[in-house]
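Single-letter residue listing:
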Amino acid sequence: KAGVTQTPRYLIKTRGQQVTLSCSPISGHRSVSWYQQTPGQGLQFLFEYFSETQRNKGNFPGRFSGRQFSNSRSEMNVSTLELGDSALYLCASSLEGRGTDTQYFGPGTRLTVL
Amino acid sequence: AQSVAQPEDQVNVAEGNPLTVKCTYSVSGNPYLFWYVQYPNRGLQFLLKYITGDNLVKGSYGFEAEFNKSQTSFHLKKPSALVSDSALYFCAVRVWGKSSGDKLTFGTGTRLAVRP
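As a starting point, this report considers the structure included with it. As the structure is a computational prediction, the values presented were derived from the model and not from experiment.

Quick notes on the layout of surface pockets
The method is simple in principle: a probe with the dimensions of a water molecule rolls over the atoms, and the space it marks as empty is what remains.
Line of reasoning, step 1. Put simply, the largest pocket is a space of about 420 Å³.
Line of reasoning, step 2. When contributions to the lining of the largest pocket are tallied by element, the ones reaching two or more residues are strand 4 (31-38) of chain A together with strand 10 (87-97) of chain B.
Line of reasoning, step 3. Element by element, the count of residues in the lining of the largest pocket is highest for strand 10 of chain B, at three residues.
Line of reasoning, step 4. Considered class by class, the residues forming the lining of the largest pocket number seven nonpolar, nine polar and four charged.
Line of reasoning, step 5. Lining the second largest pocket we find L43, Q44, F45, G58, N59 and F60 of chain A together with A1, Q2, K103, L104, T105 and F106 of chain B.
Line of reasoning, step 6. Going through the elements one at a time, strand 5 (42-50) of chain A together with strand 11 (101-106) of chain B are the ones with two or more residues in the lining of the second largest pocket.
Line of reasoning, step 7. For the lining of the second largest pocket, the element with the most residues is strand 11 of chain B, which contributes four residues.
Line of reasoning, step 8. Its residues placed into classes, the lining of the second largest pocket shows six nonpolar, five polar and one charged.

A few points about the packing of aromatic side chains
Line of reasoning, step 1. With the rule as written, the count across this model stands at 17 aromatic pairs over all chains.
Line of reasoning, step 2. Ring centres of F105 of chain A and F106 of chain B lie 6.1 Å apart, and the angle between their planes is 70°; this geometry places the pair in the edge-to-face category. Of the two residues, F105 of chain A is situated in strand 10 (residues 104-105) and F106 of chain B in strand 11; the pairing between them involves two chains. Note on accessibility: F105 of chain A and F106 of chain B belong to one class, buried.
Line of reasoning, step 3. Through a chain of ring-to-ring contacts, three or more aromatic side chains come together here, namely Y35, F45, Y104 and F105 of chain A together with F34, Y36, F46, F90 and F106 of chain B.

A few points about the sheet that holds strand 8 (residues 74-78) of chain A
Sheet strands line up and pair through hydrogen bonds in the backbone, either parallel or antiparallel.
All names here are of chain A.
Line of reasoning, step 1. Ordered by their spatial adjacency, four strands build an open sheet running 1-3-8-7, and the pairing between neighbours is antiparallel. On the outer flanks of this sheet lie strand 1 (5-7) and strand 7 (64-68), each paired with one strand and no other. For this sheet the average axis-to-axis angle between neighbouring strands, irrespective of direction, equals 20°.
Line of reasoning, step 2. Of the strand pairs in this sheet, strand 3 (residues 19-24) and strand 8 are connected by five bridges, and their pairing is antiparallel.

Things to note about the interface of chain A and chain B
Line of reasoning, step 1. Contacts between the two partners involve 24 residues from chain A and, on the opposite side, 22 residues from chain B.
Line of reasoning, step 2. Summed over both sides, the interface of chain A with chain B buries roughly 1900 Å², with 52% coming from carbon and sulfur.
Line of reasoning, step 3. For chain A, the biggest contributors to the area lost against chain B are L43, G99 and F105 of chain A; these three give 27% of the whole.
Line of reasoning, step 4. The interface formed by chain A and chain B includes zero salt bridges.
Line of reasoning, step 5. At the junction of chain A with chain B, the criterion picks out seven residue pairs in polar contact (both at pLDDT 80 or more).
Line of reasoning, step 6. For the side of chain A that touches chain B, the secondary structure elements donating two or more residues are strand 4, strand 5, strand 6 (53-57), strand 9 (87-94) and strand 10 of chain A.
Line of reasoning, step 7. Taken together, the residues of the side of chain A that touches chain B sort by class into eight nonpolar, 10 polar and six charged.

Some words on the side chain of D85 of chain B
Residue and element names in this part refer to chain B.
Line of reasoning, step 1. Tracing the backbone shows D85 in the loop between strand 9 (73-78) and strand 10.
Line of reasoning, step 2. You can call D85 buried: its relative accessible area is 3%.
Line of reasoning, step 3. When residues no more than four places from it in sequence are discounted, the contact partners of D85 are L19, F63, K78, S80, L112 and V114.

Regarding the state of the cysteines
Residue and element names in this part refer to chain B.
Line of reasoning, step 1. Enumeration according to the criterion identifies two disulfides over all chains in this entry.
Line of reasoning, step 2. Between the sulfur of C23 and that of C91 lies a disulfide, 2.0 Å long from S to S. Residues C23 and C91 are joined through a disulfide that is left-handed, its torsion about the S-S bond being -60°. With C23 in the loop between strand 3 (19-21) and strand 4 (24-26) and C91 in strand 10, this pair connects stretches of sequence that are 68 residues apart.

Looking at empty space enclosed by the protein
Line of reasoning, step 1. On inspection of all chains with the given rule, the structure shows one cavity of 30 Å³ or more.
Line of reasoning, step 2. Roughly 50 Å³ of volume is contained in the largest cavity.
Line of reasoning, step 3. Tallied by class, residues from the lining of the largest cavity come to three nonpolar, two polar and three charged.

What counts and what doesn't
- Each chain has its residues counted from 1, running along the sequence as written.
- Just so you know, chain letters begin at A and ligand numbers begin at 1, following the order they were written in.
- Side-chain atom pairs in this predicted model are given and counted only at pLDDT of 80 or more, local residue features only at pLDDT of at least 70, and totals for whole chains, interfaces and linings cover all residues.
- Neither water nor hydrogens contribute to the side-chain values; these are computed over all heavy atoms in the structure.
- With a 1 Å grid spanning the protein atoms alone, the term cavity applies to any set of points in which a 1.4 Å probe fits but cannot get out, the term pocket to an open set with protein on both sides within 12 Å along at least five of seven lines, and the term lining residue to any residue with an atom within 4 Å of a point.
- Grid points are joined across faces, edges and corners, and a volume is the space filled by probe spheres set on the points.
- Helix and strand definitions here come from DSSP, where helices need a minimum of 4 consecutive H or I residues and strands a minimum of 2 consecutive E residues; each element is numbered from the N-terminal end.
- Note that Gly is not counted as nonpolar here; it falls among the polar residues with everything else outside the nonpolar set of Ala, Val, Leu, Ile, Met, Phe, Trp, Tyr, Cys and Pro and the charged set of Asp, Glu, Lys and Arg.
- A pair of aromatic rings is counted whenever rings of Phe, Tyr or Trp (Trp by its six-membered ring) have centres within 6.5 Å, and the orientation is called stacked for planes under 30 degrees apart, edge-to-face for over 60 and tilted otherwise.
- Each residue is placed in one exposure class: buried if its accessible area under a 1.4 Å probe, protein chains only, is under 20% of its type's maximum, exposed if it is over 50%, and partly exposed if it falls in between.
- Strand pairing is assigned whenever DSSP identifies at least 2 bridges connecting the two strands.
- Interaxial angle, 0 to 180 degrees, is taken between N-to-C directions of lines fitted to C-alpha atoms, where a helix line uses only the stretch in contact.
- The contact criterion used throughout is that any non-hydrogen atoms of two residues lie within 4.5 Å.
- Here the buried area means the combined drop in accessible surface, using a 1.4 Å probe, for two parts upon being joined, counting both sides.
- Salt-bridge detection follows one rule: a side-chain nitrogen of Lys or Arg within 4 Å of a carboxyl oxygen of Asp or Glu.
- Counted as a polar contact is a pair of N or O atoms within 3.5 Å, where, for protein atoms, one must be capable of donating a hydrogen and the other of accepting one, and residues adjacent in sequence contribute only when both atoms are in side chains.
- Disulfides are defined in this document as cysteine sulfur pairs within 2.5 Å.

The analysis is restricted to geometry; functional conclusions fall outside its scope.
Printed below as a string of structure tokens:
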């Protein structure tokens, strides 16, 4: 089975712009989660989607949003980019998003905001 | 609220020696615990998990972890370290609810350096 894929792998944007990141989960996985990784804050949970519904959300401003499509693919959007949004954004998928399921991670999208 | 602590920023070990990467957790209810490894410029790679049952969990690449409920710990171990094990290791606790959804809370990570 193919793993979790994320596109693009690298992005450079300027302050004030917006960006959309894409995640394709492992085939058959219905839960998709997003995380932000920075040297200062470490790995932080952004949100989780299951069956096109956001089930859980972390402590991020409303500029961060996401959605999930009927084929379980997910996108996250960041509007009005700030320098502090520079990070590695990781997507993870699991079967049903239950406690016993394993989350499998994609390679990440490296976002640089200038 | 759940939390995970990895008290060591870095662990240094010689190749062939046993290694331990420490993790303690705080969570209400039964913990679901995970270890992941991250190589440079890569995503997180799943190593092993504890859900229930045997306190010693075996995972990928010869790694194992010992769950200790009384000490709220979940230390990662390997009997004989390889240079290729050098990477960043993350411990995580899972919080899940049927209505509240799924979320992994990660520790700050421990950098493992294995010298030849």
